[in-house]
Amino acid sequence: MDKVSTPSLSIVIPTREGFADHWFNALTEVKGEVEFILVHPPGAPKYPTSDPRVQQIVSPLRGEIIQRATGLMNATAPYTLTINCDEYINPDISEISRQYFSRFPDSWVMRLSRKDVEFGKKEILEAPWLSPKPIEKLEVCGRSQGNSKLYEQGNYLLEIPITPIDNKFDVMCIFRGRRDHRGPHTENFDKKVWKTSIVQETLEDLVGLMPFIGPLKYIPFWCLDRLLGLFIQAKFFEQGQGKIIGHLMPSPEQLRMENNPPEYRRLNRYGILSEIFLVKCFPQYGYMWNLVITNLREVPKKYVLYRLGKEG
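Description of the structure in this document.

**Some thoughts on the sheet that holds strand β7 (residues 114-117)**
The pairing of strands in a sheet comes from backbone hydrogen bonds and takes either a parallel or an antiparallel form. Taken in spatial order, the 3 strands line up as β5-β12-β7 in an open sheet, and their pairing is mixed. Each having just a single partner strand, β5 (87-89) and β7 make up the two edges of the open sheet. Across the sheet, the axes of successive neighbouring strands diverge by a mean angle of 20°, strand direction being ignored. Bridge analysis of β5 against strand β12 (residues 255-258) gives 3 bridges, and the strand direction is antiparallel. In the sheet register, Y88 faces β12, and the bridge partner there is R256.

Below, the structure is given as structure tokens:
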């Protein structure tokens, strides 16, 4: 297979050591003009493959932010999808993306429909994918049309409005946490197909915030997902427009995610360490203050739970 000179979709994956061969084989079953960008942690060997669509980068630092950002900045296709190295995507994702953005050329993002799979259920992860419905034959529903519930029928695209980042600061979030994150908007970045141009432009701004003093830089290692999703929306926010930035795809799913094994203990990751950049760059938006103050409230609770789990 010849290398794609002008791919239509970049698929970025920050890896960890020892990802499964069957996952990589399933990844490379994706059809169409795609490029796969695998970003490995420091010291990890490159995966032995002859697939010319695969670009492999060894990151200078370990962590979601630096690995994922490195991959995103090296994407060359007009649209980009990020997943993890244990998640499975529909082999027709490139054609699905082409159909979607042909119909909605002004959209920023296409959110994938996902299926969560119980750990160990390989037969579900590896089951044949159902043929997607043609995008042009799907109706649109959403809050702006007053018919959001139609999405459950499986024949509708659900509107994704821009996050209401111009909400006022809610002083009560100091005591009970925030509430303005509820609604049909989306905060997170991952597992969605985005316009590469706005992602890379945003990342340039975000990386520019990291220099601290002289050669010292502040680089949080985790929690890029919500930080980048909200940073994009704040950077390109249009005051009072009620803008629809994309749509959620209906089932059948385009993404399958295997749940963690029962004995797996997820480390507490403090979103405040990265999401404080949102307040630094967009202090005029109350939504960002509501988020960061709520994150600060959760730090003691997360620390206690971490200690109890460690001692248990």
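**Description of the pattern of salt bridges**
Evaluated as defined, the whole model comprises 18 salt bridges. Salt-bridge contacts for R226 lead to E187; the nearest nitrogen and oxygen are separated by 3.8 Å. In this pair, R226 is assigned in helix α7 (residues 224-235) and E187 in the loop between α5 (173-176) and β10 (192-195), connecting sequence segments 39 residues apart. We classify R226 as partly exposed; its relative accessible area is 21%. Residue R226 is joined to E275 by a salt bridge in which the shortest nitrogen-to-oxygen separation is 3.0 Å. In this pair, R226 sits in helix α7 while E275 sits in helix α8 (residues 272-281), placing the two residues 49 residues apart along the sequence.

**A word on the sheet that holds strand β2 (residues 34-40)**
Spatially, β3-β2-β1-β4-β10-β6-β11-β9-β8 is the arrangement adopted by the 9 strands of the open sheet, whose pairing is mixed. At either margin of the open sheet sits one strand with a lone partner, and together these are β3 (54-58) and β8 (139-141). The average angle at which neighbouring strand axes cross in this sheet is 25°, direction not considered. Summarising the sheet, strand β6 (residues 109-111) and strand β11 (residues 244-248) pair through 3 bridges and their orientation is parallel. Residue pairing for β11: M110 is matched across the bridge by H247. Sheet strands touched by helix α3 (residues 93-103): β1 (9-14), β2, β4 (79-82), β6, β8, β9 (156-161), β10 and β11. Its angle to β6, the strand with the most contacts, is close to 130°.

**Regarding empty space enclosed by the protein**
Per the counting criterion, the structure on display carries 2 cavities of 30 Å³ or more. Its boundaries defined by the atoms lining it, the largest cavity holds a volume of some 40 Å³. Lining the largest cavity are P132, K133, L138, M249, P250, S251, P252 and Q254. Residues that form the lining of the largest cavity fall into these classes: 5 nonpolar, 2 polar and 1 charged.

**Topic: the packing of helix α2 (residues 64-73) against α7**
Contact pair α2 / α7: the axes reach a minimum separation of 10 Å and the direction vectors enclose 50°. Judged by the angle between their axes, α2 and α7 are oblique. Facing α2, whose interface residues are E64, I65, R68, A69 and L72, α7 presents L224, D225 and L228. For the contact of α2 with α7, a count of residues per class yields 5 nonpolar, no polar and 3 charged.

Rules behind the numbers
Residues numbered from 1 in each chain as written. Predicted model: local features only at pLDDT ≥ 70, side-chain atom pairs only at ≥ 80, totals over all residues. Heavy atoms only, no water. Pairing = 2+ DSSP bridges. Helix = DSSP H or I, 4+ residues; strand = E, 2+ residues; numbered from the N terminus. Axes fitted to C-alpha atoms, helices over the stretch in contact; angles between N-to-C directions. Salt bridge = Lys/Arg side-chain N within 4 Å of Asp/Glu carboxyl O. Buried < 20%, exposed > 50% of the residue type's maximum accessible area, 1.4 Å probe, protein only. Contact = heavy atoms within 4.5 Å. 1 Å grid on protein atoms, 1.4 Å probe; cavity = no way out; pocket = protein on both sides within 12 Å on 5 of 7 lines; lining within 4 Å. Points joined across faces, edges and corners; volume = space filled by probe spheres on them. Nonpolar A, V, L, I, M, F, W, Y, C, P; charged D, E, K, R; others polar. Parallel < 35°, antiparallel > 145°, perpendicular 65-115°, else oblique.

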